Amino acid sequence: MSLPQLLLDDLDWKVMVETMRNRIAAVSGEEWTLHAPVDPGVTLLELLAHQLEQRSYWLDQVPDALINGLIALLGAKRRPARAAATVLSVDSSAVSVIPADSIFRVADGGSALQFATRESLALLPVGRIELSCGFGARSVTGSADRRWAMQPLPLLPADGSEADLQITIWLSAAPQPDAAPIAMLLELDHPASVLPGWAHGAAQCVPVPAQLRWSYSSAAPSGFTPFGSDAIIDGTEGLRRSGLVRFTVPGDWAPAGTDVNGLTPYRLSLHCAGSSYSAPPQLQRIVPNAVVARH
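Residues numbered from 1 in each chain as written. Predicted model: local features only at pLDDT ≥ 70, side-chain atom pairs only at ≥ 80, totals over all residues. Heavy atoms only, no water.

1. Structural notes on unusual backbone geometry
Here is the rule we go by: The secondary structure listing takes helices from DSSP runs of H or I that are at least 4 residues long and strands from runs of E that are at least 2 residues long, numbered from the N terminus. The buried label applies to any residue whose accessible area, calculated with a 1.4 Å probe on protein chains only, is under 20% of its type's maximum; exposed applies above 50%, and partly exposed to all values in between.
Look at L239: it is not a glycine, yet its phi comes out positive at around 60°. By the secondary structure assignment, L239 is in the loop between β13 (232-234) and β14 (243-247). With a relative accessible area of 4%, L239 lands in the buried category. Of note in this structure, N261 is not a glycine but carries a positive phi near 55°. Residue placement: N261 occurs in the loop between β14 and β15 (264-275).

Okay, here's the thing in structure tokens:
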């Protein structure tokens with residue numbers, strides 16, 4: 001059972017005037033006999049009631065001075081307002097590229113609840129994603145009620161040893177090399193104090209906990225070709241936090257197998273040459289066609 005709401009501002013001008021008028025006879029020893037609005041004394045009572053009503057209104061308000069004082073007691077400073085940031089997962093067959101500054105509106109949220117994409121995004125026709133590493137394998141598909149969710153999967157060891165991780169993206173059509181960059185969200189299990197890569201105040205230029213090398217499936221003898229040093233943007237900073245991994249589709253990105261049920265596998269490989277994780281990073285969700293947007 002919840003406590004009733006405490007209401008301090010429960011008096012209005014009319015109640016205060018009636019209360020004071022009813023006490024005039026007793027307080028004045030019945031010497032004040034005219035209690036009508038034409039009496040100057042009643043006019044003064046009405047003026048005082050008006051002033052008291054304005055003051056009582058403040059009782060239920062929280063002034064800025066109180067907020068600033070409480071924040072100061074905590075040893076913090078009040079920060080200015082800023083736009084909210086989030087990650088959108090775009091699922092559309094009508095377009096293949098989402099330009100930067102595209103506007104998305106929250107359904108039934110009115111014109112005030114709208115978000116603009118920060119970067120351009122090329123959409124991939126993803127049907128299924130498979131992950132494979134030394135800790136096991138997972139296969140996830142998008143659904144309306146639980147989109148691209150999965151059981152947490154440890155990705156890389158925490159003992160500093162070498163390890164490999166492979167991500168297979170099953171596509172219903174070949175990716176376009178000349179389109180905008182593609183991106184996928186890697187949502188990791190990490191402490192709340194570690195902000196995701198798209199959040200305000202997220203730490204920048206933090207030493208990465210692992211030496212990672214991303215590659216893609218190709219016709220090379222090894223089956224994979226490493227990305228260039230500037231070809232991939234790792235928003236997770238070495239799987240340290242949740243973030244977006246963005247890259248432009250390589251022109252020689254080749255299928256890594258044969259079609260199954262109309263889907264063609266394209267593979268990404270992640271090699272860890274050494275790490276300093278305190279615990280294996282655990283993947284909770286992988287979402288394709290993800291883009292950062294701000295209110």
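This is not the end of the story, as more comes after the structure.
2. Some points on the sheet that holds strand β16 (residues 282-288)
In a beta sheet, neighbouring strands pair by backbone hydrogen bonds and run either parallel or antiparallel. Filter applied, for reference: Pairing between strands is defined by DSSP: at least two bridges between the two strands are required. Every axis corresponds to a line fitted to the C-alpha atoms, with the helix fit spanning only the stretch in contact, and the corresponding angles, defined between N-to-C directions, vary from 0 to 180 degrees.
Pairing within the open sheet is antiparallel, and its 5 strands lie in the order β8-β16-β10-β14-β13. Since the sheet does not close on itself, it has two edges, and those belong to β8 (149-154) and β13, each with one partner. Strand after strand, the sheet turns through a mean of 25° between neighbouring axes, direction not considered. Of the strand pairs in this sheet, strand β10 (residues 182-188) and β14 are connected by 5 bridges, and their pairing is antiparallel. The residue of β14 that forms the bridge with M184 is V245.

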